[in-house]
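Overview (structure and organization)
Residues per chain, in single letters:
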Protein chains: 2
Amino acid sequence: MNTTPQVLVFDVFGTVVDWHGSIAREIGERFPGVDADAFALAWRAGYQPAMEAVRSGGRGFVKLDVLHREILDEVLQRFGLAHLGEAERAHINRIWHRLAAWPDTVAGLTRLKSRFTICSLSNGNLGLLTDMARHAGLPWDCVLGAEVFRAYKPDPRVYLGAAEVFDLPAQKVMMVAAHQDDLAAARGCGLQTAYVERPLEFGASRVKDVSPDAANTLHARDLLDLADQLGC
Amino acid sequence: MNTTPQVLVFDVFGTVVDWHGSIAREIGERFPGVDADAFALAWRAGYQPAMEAVRSGGRGFVKLDVLHREILDEVLQRFGLAHLGEAERAHINRIWHRLAAWPDTVAGLTRLKSRFTICSLSNGNLGLLTDMARHAGLPWDCVLGAEVFRAYKPDPRVYLGAAEVFDLPAQKVMMVAAHQDDLAAARGCGLQTAYVERPLEFGASRVKDVSPDAANTLHARDLLDLADQLGC
């Protein structure tokens, strides 16, 4: 490592919380006839295209809650749930506010927080991330996200904005994520990067490639391993 | 109370932390010959005029750290400390990042957090508020401030922005502050309001009027009393 970071910023969906497992579980319990695994994947598949409309400038900034809801309305149609009313749709859309942490997350973040400032740096909106932190017990020092910078990752404004919040040169900030593209964009802005293996992000039937990329500053099995490597 | 709030947003300087005591203490220890009480008051006196330049549109949004530093440079001159160099000025400017909590603050916030989402809603910048939370042990669910909304209180964008973050009607949010003008502006935006007595905000030699204003939803002696009144 060139220099010790002062602030660790974390991707959230997939890195800190298990979106696939949480959505599949809740949808499966609510609608026993529905393929809950496919439902979770379909909902998440709409995520990048929806943000791309904002990133490309084709659409002004809108919160992720709004994008999630638009995708949900399409997915419900596709899965034979077009009859659901407004209150139920609104409740389902907030599954993203109550995603479960990975088993190592709370203990890992708590150890990392003893030595570093820890913040979310997610495409989720602030209300979503705050509800999630209360629900899952995530001990953030500060909740940062796309909404603060009015831009979605991998827009450089998000990574550079985080460094600016703390008045730090980019190399004193480390981005932690389970996604190589997120880390590559952070690295392009001068941040240090730590990859976290989350082989089950897309469920047990689609184990994810978690090969190291030597361009990252660190490669960790999980957040406890990251705490070990950072001396916490 | 018309309705139970879901989110409590807090003014910070004076309400949650003791800016006067913290600054006077640190300046007094560092510069024994200086009138530390007068220094603290002079620094704070520059605060409203500096923000007014932004509020009036005469100046684009700049972080409070920057405004604090500009005022500090003048105050140092006035108090015979013009010889201080850049590193020392930068260190002194960050006193605002390490202000001490009032004795009831951490216990009060912890009780309030058990039932409500609790957020700062301060004119301080996010880095300042995050450092302060780590230093003073403030258990915020989310750090919100002027920097998120690119506007300084009492600009309505700050109060309405907080409600929008949580997708709530304004009356489901309660502003908590030791300043009637902050609460009046929040009330003007439809928020509920709770006044907290901080008679020693300006030091023991200038006890502040803490009379109730019947327009507020609640009037509390301190944050423990507020927790009692809100059933936490």
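Bear in mind that the values here come from a model prediction, so they are computed numbers and not experimental data.

Conventions we followed
Residues numbered from 1 in each chain as written. Chains lettered and ligands numbered in written order. Predicted model: local features only at pLDDT ≥ 70, side-chain atom pairs only at ≥ 80, totals over all residues. Helix = DSSP H or I, 4+ residues; strand = E, 2+ residues; numbered from the N terminus. Rg over C-alpha atoms; globule rule 2.2 N^0.38 Å. Buried ≥ 20, exposed ≤ 12 C-beta atoms within 10 Å, placed from the backbone. Contact = placed C-beta atoms within 7 Å. Least-squares fit on C-alpha atoms with pLDDT ≥ 70 in both. Axes fitted to C-alpha atoms, helices over the stretch in contact; angles between N-to-C directions. Parallel < 35°, antiparallel > 145°, perpendicular 65-115°, else oblique. Left-handed = near helix turned anticlockwise from the far one by under 90°. Nonpolar A, V, L, I, M, F, W, Y, C, P; charged D, E, K, R; others polar. Arc of directions from axis to C-beta. Pairing = 2+ DSSP bridges. Right-handed = clockwise from strand over helix to strand, strands pointing away. Domains from an automatic or database assignment. pLDDT = per-residue confidence, 0-100.

Okay, the overall build of chain A next. For chain A, the helix and strand inventory stands at 11 helices and 6 strands. For chain A, the C-alpha radius of gyration of 17 Å lies close to 17 Å, the compact-globule estimate for 232 residues. Based on the C-alpha atoms only, the size of chain A along its principal axes is roughly 55 × 35 × 30 Å. When the 232 residues of chain A are sorted by exposure, 43% land in the buried category. Long-range pairs, those at least 24 residues apart, make up 63% of the contacts in chain A between residues at least 6 apart in sequence.

With that settled, the discussion passes to the relation of the copies chain A and chain B. Here chain A sits on chain B after a turn of 180° about the axis and a move of 0.0 Å along it, with an RMSD of 0.0 Å. Taken together, the turn and the small shift mark the pair as related by a two-fold rotation axis. If distances are taken from each C-alpha of chain A to the rotation axis, the shortest is found for Val-148 of chain A, at 2.8 Å. Looking at the interface residues of chain A, 100% of them are also at the interface in chain B, so both copies use one shared face.

On to the packing of helix H4 (residues 64-78) of chain B against helix H5 (residues 86-93) of chain B. Residue and element names in this part refer to chain B. Contact geometry of H4 with H5 gives a least axis separation of 10 Å together with a crossing angle of 120°. Between H4 and H5, the angle is such that the two are oblique. By crossing handedness, the relation of H4 to H5 is classed as right-handed. Seen from H4, the contacting residues are Asp-65, His-68, Arg-69 and Leu-72; seen from H5, they are Arg-89, Ile-92 and Asn-93. Among the residues making up the contact of H4 with H5, the classes are represented as 2 nonpolar, 2 polar and 3 charged.

Here the focus is helix H9 (residues 156-165) of chain A. Residues three or four positions apart in an α-helix share a direction because the helix packs 3.6 residues into each turn. The complete set of buried residues in H9 of chain A reads Val-158, Tyr-159, Ala-162 and Val-165 of chain A. Taken down its axis, H9 of chain A places every buried residue within 125° of arc, on the same side.

Note on interface size: it is often stated as the accessible area lost on association of the parts. Across the contact, 13 residues belong to chain A and 13 residues belong to chain B. Of all the elements in the fold, those that place two or more residues in the side of chain A that touches chain B are helix H7 (126-136) and strand S3 (142-145) of chain A. Residue contributions to the side of chain A that touches chain B peak at 5 residues, all from H7 of chain A. Class assignment of the residues belonging to the side of chain A that touches chain B gives a composition of 7 nonpolar, 3 polar and 3 charged.

Turning our attention to the pairing of strand S5 (residues 192-196) of chain A. Residues in a regular strand point their side chains to alternate faces of the sheet. Residues and elements named next belong to chain A. With respect to burial, S5 is a largely interior element, 5 of its 5 residues being buried. Side-chain alternation along S5 places Gln-192, Ala-194 and Val-196 on one buried face and Thr-193 and Tyr-195 on a second face that is also buried. Across 4 bridges, strand S4 (residues 173-177) lies against S5 in parallel orientation. When the sheet's bridge partners are listed, Met-175 is paired in S5 with Thr-193. Regarding the hand of the β-α-β motif, the stretch spanning S4, helix H10 (residues 180-188) and S5 is right-handed. Sheet topology note: the S5/strand S6 (residues 218-220) ladder contains 3 bridges and is parallel. In the strand pairing of S6, Tyr-195 is matched with His-219.

Attention now moves to the domain arrangement of chain A. Residues and elements named next belong to chain A. Segmenting chain A into domains produces domain 1 (7-18 + 99-229) and domain 2 (19-98). Inter-centroid distance (C-alpha atoms) of domain 1 to domain 2 is 22 Å. Facing the 22 residues of domain 1 at the interface are 17 residues of domain 2. Going through the elements one at a time, H7 and helix H8 (146-149) are the ones with two or more residues in the side of domain 1 that touches domain 2. Of all the elements, H7 adds the most residues to the side of domain 1 that touches domain 2, at 4 residues. Looking at the side of domain 1 that touches domain 2 residue by residue, the classes come out as 9 nonpolar, 7 polar and 6 charged.

Okay, unusual backbone geometry next. Residues and elements named next belong to chain A. A cis amide bond links Lys-153 with the next residue in sequence, Pro-154, at an omega value of 5°. Relative to the elements of secondary structure, Pro-154 occurs in the loop between H8 and H9. The phi dihedral of Asp-167 is positive, around 55°, even though this residue is not glycine. Mapping Asp-167 onto the fold places it in the loop between H9 and S4.

A word on the confidence of the model for chain A. Predicted coordinates in regions of low pLDDT should not be interpreted in detail. For chain A, the mean per-residue pLDDT works out to 97, and 99% of the residues sit at or above 70. Both confidence scores are given for the complex: pTM 0.96, ipTM 0.95.

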